[in-house]
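# Structural features, examined
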Amino acid sequence: MAKLKLTGKELRKIGYPEGPVISVAITVMEQHYKHHSSADALALLSNILQDPAAFSSDEQLSKIAEKLIVPVSEEIALLPAPMHYAVYGSEFIEDGAIRQMDYAMRLPVTAAGALMPDAHQGYGLPIGGVLAVRGAVIPYGVGVDIGCRMCLSILDIPSAELEKKAAVFKRELIDGTVFGAGGAWKTMLEDEVLEDPAFSEIGLLRHLHAKAVAQLSTSGSGNHFVEWGLVDVTDLPGVSPGRYLGLLSHSGSRGLGAQIAGYYTKLAQEICSLPREVQHLAWLDLSSEEGQEYWTAMNLAGDYASACHHQIHKRLIKAVGGSLLARVENHHNFAWKEIHNGEELIVHRKGATPAGSGVLGVIPGSMTAPGFIVRGRGEPGSLDSASHGAGRQMSRSKATQSFTASGLAKLLSEHKVKLIGGGLDEAPGAYKDINAVMNAQDSLVDVVGKFYPKIVRMADGSGPRED
DNA sequence: ATGTCC
């Protein structure tokens, strides 16, 4: 007999509401009613929807019923005015980002916040926003690409080799990376992170394991990149000042993190009823089962993103016959438990680099502008944070209209940069001037080195769909 | 950012 297979679409068609009930219903039915026909299963689900209370004593079906019995929850009130927060480089920051941060500073769980000089409008918390809250975690305060991070390897290969053997470095970059939204390696790779017990402990993660396996060590799309370049080290522990050959990558947790973010954001919005303008800032209580699950899943996505970078670096470094002198890496979409002013807080950095005292990080520029290796100054006003890049000054669609392929080619040639993939939406002019952004945060970080991209790979730019 | 819900 064929195993029961249900889709969210079918459930919505018979009137099931958006939210966790869809996935719970699919899971329960496929596990415990697998020999039912699809029509019988849907009929049963329809009955549960009509009168959920009648199924509340059924061992399995009660799981679906209780998701349908939505308690009337009172809307949580915001503070009448935003708490004060520091803004770095306010002259670069669009009003929309300030407005969003003002709302975040009115949540009753908020303890402190700050806005970085690359800030721009996002969903919920602005990109470049830092928000510290008490006893809760906000899935959209972390963002969709959980654990999106930078990883820089400084190699023992003489820097002049990059130009001399450019064709080899380019070929290995193409052969050694996978880009694109659905991107996956053809052969299955292994990694310790795939054995993480969280994959078997949390229902959602069990279902995402196969996707995580397939997408391990891939880069995704958008502003993600892997690039060879020149590193000028001025003050990095264990590395003599000078010029080196380096590998820099920017990517996150792929479909795994995106699905975790989506699922727990929906869940948070159901549990935490907020005024419409701030509903994307819905939080999960850290002491609740849901909050703890998100925390575990978020940390897994962070470890997964890190593992992806390490795999990419290991493969490429081996391919060009180098060895590692030093590595600098950091998440910039994540939440951490930190002590600020003697109090443990959950600090969300959504597009912000950790910059506690002495903490190293990488802040990328663009394909033609240098990235910066930085050492945090531990500035309390920024909650130990700095920007995560130059920040967009133009939407993707506007950039596509504003720039031309020939103009981009000329710019790349002037900077002696080779670009594989990429698109006008990622043209350097779409970003703020990284030097101005760095000046605006000189109280937050010290610059200890610079990275000049030379051979850059990105996903193919957005264009007409080919499928 | 992901690729349209396990």
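Residues numbered from 1 in each chain as written. Chains lettered and ligands numbered in written order. Predicted model: local features only at pLDDT ≥ 70, side-chain atom pairs only at ≥ 80, totals over all residues. Heavy atoms only, no water.

### Observations regarding the packing of aromatic side chains
- Tallied over the entire structure, the rule returns five aromatic pairs.
- Between F169 and W228 the ring centres are 4.9 Å apart and the planes differ by 80°, which places this aromatic pair in the edge-to-face class. Here F169, found in helix α8 (residues 166-175), pairs with W228, found in strand β6 (residues 225-233); they are 59 residues apart in sequence, far enough to count as distant. For the pair formed by F169 and W228, the shared burial category is buried.
- Aromatic pair F334 and W336: ring centres 5.3 Å apart, planes at 70°, arrangement edge-to-face.
- On the basis of relative accessibility, which here comes to 4%, the residue F334 falls in the buried class.
- For R349, the ring lying beneath its charged end belongs to W336, and the centroid distance is 5.0 Å. (Phe/Tyr/Trp six-rings, centres within 6.5 Å; stacked < 30°, edge-to-face > 60°. Helix = DSSP H or I, 4+ residues; strand = E, 2+ residues; numbered from the N terminus. Buried < 20%, exposed > 50% of the residue type's maximum accessible area, 1.4 Å probe, protein only. Lys NZ or Arg CZ within 6 Å of the ring centre and 35° of its normal.)

### Things to note about the pairing of β6
- Taking burial as the measure, the nine residues of β6 include eight buried ones, the bulk of the element.
- Pairing of β6 with strand β17 (residues 445-460) involves nine bridges; the strand directions are antiparallel. Bridge assignment links V233 to a residue of β17, and that residue is G449.
- Where β6 lies against strand β7 (residues 242-251), nine bridges are found, and the strand directions are antiparallel. Looking at β7, one finds that V231 is bridged to Y244. (Pairing = 2+ DSSP bridges.)

### Here we look at the UniProt feature "binding site: Mn(2+) 2" (unreviewed entry) in chain A
- UniProt's feature table lists "binding site: Mn(2+) 2" (unreviewed entry) at H250 and H332, given in the numbering used throughout. A stretch of 83 residues holds the annotated residues, and the largest C-alpha distance among them is 10.2 Å, short enough that they meet in one place.
- Of note, H250 is situated in strand β7.
- A residue is classified by how much of its surface remains accessible, and H250, at 5% relative accessible area, is buried.
- In this structure, H250 is in contact with C148, R149, M150, N223, H224, F225, H309 and H332, ignoring residues within four places of it in sequence. (UniProt positions renumbered as here; feature names shortened; annotations may be inferred. Contact = heavy atoms within 4.5 Å.)

### What to know about the packing of helix α2 (residues 20-32) against helix α4 (residues 61-68)
- The contact between α2 and α4 brings their axes to 9 Å, and the two run at 170°. The pairing of α2 with α4 is recorded here as roughly antiparallel in orientation. Side by side, α2 and α4 meet where P20, V21, V24, A25, V28 and M29 of the first sit next to L61, K63, I64, K67 and L68 of the second.
- Among the residues making up the contact of α2 with α4, the classes are represented as nine nonpolar, no polar and two charged. (Axes fitted to C-alpha atoms, helices over the stretch in contact; angles between N-to-C directions. Parallel < 35°, antiparallel > 145°, perpendicular 65-115°, else oblique. Nonpolar A, V, L, I, M, F, W, Y, C, P; charged D, E, K, R; others polar.)

### Quick look at α2
- If you check α2, its first and last C-alpha atoms are 18 Å apart, about what 13 residues at 1.5 Å a residue would give, namely 18 Å.
- Buried within α2 are the following residues: P20, V21, I22, V24, A25, I26, V28, M29 and E30.
- Those residues of α2 that are buried are in contact with α1 (8-13), α3 (38-50), α4 and α11 (254-271). (Expected span 1.5 Å × (residues − 1).)

### Quick word on the packing of helix α10 (residues 203-215) against helix α12 (residues 289-319)
- One way to put it is that α10 packs onto α12 with a least axis distance of 12 Å and a crossing angle of 10°. What the angle tells us is that α10 and α12 run roughly parallel. Here L205, K211, A212 and Q215 of α10 lie close against α12, whose contacting residues are A297, L300, Y304 and C308.
- Grouping the amino acids of the contact of α10 with α12 by side-chain chemistry returns six nonpolar, one polar and one charged.

### As for the pattern of salt bridges
- Evaluation of the coordinates by the stated rule reveals 13 salt bridges.
- Between E161 and K165 there is a salt bridge whose closest N-O contact spans 3.0 Å.
- With relative accessibility at 15%, the residue E161 sits in the buried group.
- Residue classification places K165 among the partly exposed positions, given a relative accessible area of 42%.
- The structure contains a network of salt bridges with shared partners spanning R392, R396, D425 and E426. (Salt bridge = Lys/Arg side-chain N within 4 Å of Asp/Glu carboxyl O.)

### Observations regarding the protein's contact with DNA strand B
- Close to DNA strand B lie 25 residues; R12, V144, A181, N223 and Y263 are nearest.
- For DNA strand B, the backbone makes up 50% of the atoms found within 4 Å of the protein, where backbone means sugar plus phosphate.
- A distance of 3.1 Å separates a base nitrogen of DNA strand B from a polar atom in the side chain of S23.
- Here a sugar or linking oxygen of DNA strand B sits 3.3 Å away from a polar atom, N or O, in the side chain of H207.
- Of all the secondary structure elements, the ones that give two or more residues to the surface near DNA strand B are α1, α2, α10 and α11. (Near = heavy atom within 4 Å. Polar contact = N/O pair within 3.5 Å; in protein donor to acceptor, adjacent residues only side chain to side chain.)

### So, the UniProt feature "active site" (unreviewed entry) in chain A
- Within this structure's numbering, the places UniProt gives as "active site" (unreviewed entry) are H388.
- Locating H388 in the fold gives a position in the loop between β15 (385-387) and α13 (396-402).
- H388 has contacts with D118, I127, H332, G351, A352, T353, I363 and P364, leaving out every residue within four places of it along the chain.
- At 2.6 Å, the side chain of H388 forms a polar contact with the side chain of D118.

### Here's the deal with the domain arrangement of chain A
- We note that the domain assignment places domain 1 (8-68) and domain 2 (142-460) within chain A.
- The straight-line distance from the C-alpha centre of domain 1 to that of domain 2 is 40 Å.
- Counting from both sides, the interface comprises five residues of domain 1 and, opposite them, five residues of domain 2.
- In total, domain 1 and domain 2 occlude about 410 Å² of area from one another, counting both sides; carbon and sulfur atoms represent 50% of this. (Domains from an automatic or database assignment. Buried area = accessible area lost by both parts, 1.4 Å probe.)

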